[in-house]
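Here are the chains, one letter per residue:
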Amino acid sequence: LAIFYMDYTDLQVRQGCASCGDGGLPLNFLSNAADAERTGFELDVMAALTGNLRLMGGVGYNAGKYGTFKNVEEPRTLALVDVSGNKVPFSAEWSFNVAAEHSVEILGGIVTSRLDFTYVDERFGDQGITNHPDDLMPSQSLLSGRLSYRPGKGNFGIAIWGRNLTDDDSFVYLAFDSSLGFSRRSAQYQEPRTYGVTVDYTF
């Protein structure tokens, strides 16, 4: 269990300005957010239920917000706004993960199966300093699995695995930019369901 409080002074924040560059061109730059703070906790647990079965889990709470932070350009209106007290981008309030791992001896080797589930709460995207609703990325849930075999005598192993088994397609990056009279929204989605086979050899 970890409980934390972080107090930032002159926190660096990446910002954009539609006409602050040479000749009135757009400009991205690092600025200081005066101050910010984060409070929360993290709890991790692992339990060996039997000689073959282990359960693992964790939960985290993170409340991050700016202190005094004025004169920030809102890219949609180009107006200067006061974002003091706003949530820090990419700061998910809640997150948790659970996993189950089972091992059994078969044919002179060890077969291990594992299932993982992770959840990340909604959070604002990269440039969501103003906490605009369009910059809010929804919560995300990911399920992954793995089945592997390693012989008792031998230097190799083989595993079949799958990631994002439910094919979650939520955002992992979201930003808005307005420049040269054009507005655009940039986004990156979670990688789709992937699966494969891995063979390893040690020597």
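Heads up: the structure comes first, above all this text.
Bear in mind that the values here come from a model prediction, so they are computed numbers and not experimental data.

**Student:** Honestly, the side chain of serine 170 in this entry has me stumped. Any pointers?
**Tutor:** Residue position: serine 170 is located in the loop between strand 13 (156–163) and strand 14 (171–179). Under the relative-accessibility criterion, serine 170 is labelled buried at 9%. Within the structure, the side chain of serine 170 is placed 2.6 Å from the side chain of aspartate 168, a separation counted as a polar contact. If sequence neighbours within four positions are ignored, serine 170 has contacts with Pro138, Ser139, Gln140, Gln188, Tyr189 and Gln190.

**Student:** Just to check I follow, could you spell out the packing of aromatic side chains for this structure?
**Tutor:** This structure, assessed with the given rule, holds eight aromatic pairs. Clustering of aromatic rings is evident, with ring pairs tying together Phe41, Tyr61 and Trp94. Geometry around tryptophan 161 places arginine 163 over its ring, the cationic atom sitting 4.1 Å from the centre.

**Student:** How should I be thinking about the nonpolar core in this particular structure?
**Tutor:** Counting ten residues, the largest nonpolar core is built from Leu11, Val13, Ala33, Ala36, Tyr66, Phe69, Val72, Val83, Val88 and Ile129. When residues no more than four places from it in sequence are discounted, the contact partners of valine 88 are Arg38, Gly64, Lys65 and Tyr66.

**Student:** Looking at this model, I keep getting lost on unusual backbone geometry. Mind explaining?
**Tutor:** In this structure, aspartate 10 is a non-glycine residue whose phi angle is positive, near 55 degrees. Taking the relative accessible area as the measure of exposure, aspartate 10 reaches 47% and is therefore partly exposed. For asparagine 71, which is not glycine, the phi dihedral falls at a positive 60 degrees. You can see asparagine 71 is positioned in the loop between strand 5 (53–66) and strand 6 (72–73).

**Student:** Quick question: what am I supposed to make of the sheet that holds strand 4 (residues 35–48) here?
**Tutor:** Consider a sheet: its strands pair through backbone hydrogen bonds, and that pairing is either parallel or antiparallel. Ordered by their spatial adjacency, eight strands build an open sheet running 1-4-5-8-9-12-13-16, and the pairing between neighbours is antiparallel. Each having just a single partner strand, strand 1 (2–9) and strand 16 (194–201) make up the two edges of the open sheet. Averaged over neighbouring strand pairs, the angle between their axes works out to 15 degrees when direction is ignored. Where strand 4 lies against strand 5, 13 bridges are found, and the strand directions are antiparallel. Bridge pairing links arginine 38 to glycine 64 in strand 5.

**Student:** Help me understand a nonpolar patch on the surface in this model?
**Tutor:** Together, Leu147, Ile158, Ile160, Val197 and Val199 make up an exposed nonpolar region whose accessible area comes to about 440 Å². Among the secondary structure elements, those contributing two or more residues to the nonpolar patch are strand 13 and strand 16. Mapping valine 199 onto the fold places it in strand 16. With a relative accessible area of 60%, valine 199 lands in the exposed category.

**Student:** What's the story with the pattern of salt bridges in this structure? I'm lost.
**Tutor:** Pairing is possible between side chains that carry opposite charge, provided their charged atoms lie close to one another. Tallied over the full model, the rule gives seven salt bridges. Glutamate 74 is paired through a salt bridge with arginine 76; the nearest N and O atoms lie 3.1 Å apart. Given the relative accessible area of 23%, arginine 76 is considered partly exposed. With its nearest N and O atoms 3.0 Å apart, the salt bridge here joins glutamate 101 to arginine 114. Taken together, the residues span a long stretch of sequence, with glutamate 101 in strand 8 (residues 94–106) and arginine 114 in strand 9 (residues 109–120) at a distance of 13 residues. Take glutamate 101: its relative accessible area is 17%, and that puts it in the buried class. Through salt bridges with shared partners, one network takes in Arg54, Glu101, Arg114 and Asp116.

What counts, and where the lines are drawn
Residues numbered from 1 in each chain as written. Predicted model: local features only at pLDDT ≥ 70, side-chain atom pairs only at ≥ 80, totals over all residues. Heavy atoms only, no water. Helix = DSSP H or I, 4+ residues; strand = E, 2+ residues; numbered from the N terminus. Buried < 20%, exposed > 50% of the residue type's maximum accessible area, 1.4 Å probe, protein only. Polar contact = N/O pair within 3.5 Å; in protein donor to acceptor, adjacent residues only side chain to side chain. Contact = heavy atoms within 4.5 Å. Phe/Tyr/Trp six-rings, centres within 6.5 Å; stacked < 30°, edge-to-face > 60°. Lys NZ or Arg CZ within 6 Å of the ring centre and 35° of its normal. Core = buried A, V, L, I, M, F, W, Y, C linked by side-chain atoms within 4.5 Å. Pairing = 2+ DSSP bridges. Axes fitted to C-alpha atoms, helices over the stretch in contact; angles between N-to-C directions. Patch = residues over 30% accessible without salt bridge, like charges linked within 9 Å, V, L, I, M, F, W, Y side chains within 5 Å. Areas by Shrake-Rupley, 256 points an atom, 1.4 Å probe, with all protein chains shown as cover. Salt bridge = Lys/Arg side-chain N within 4 Å of Asp/Glu carboxyl O.

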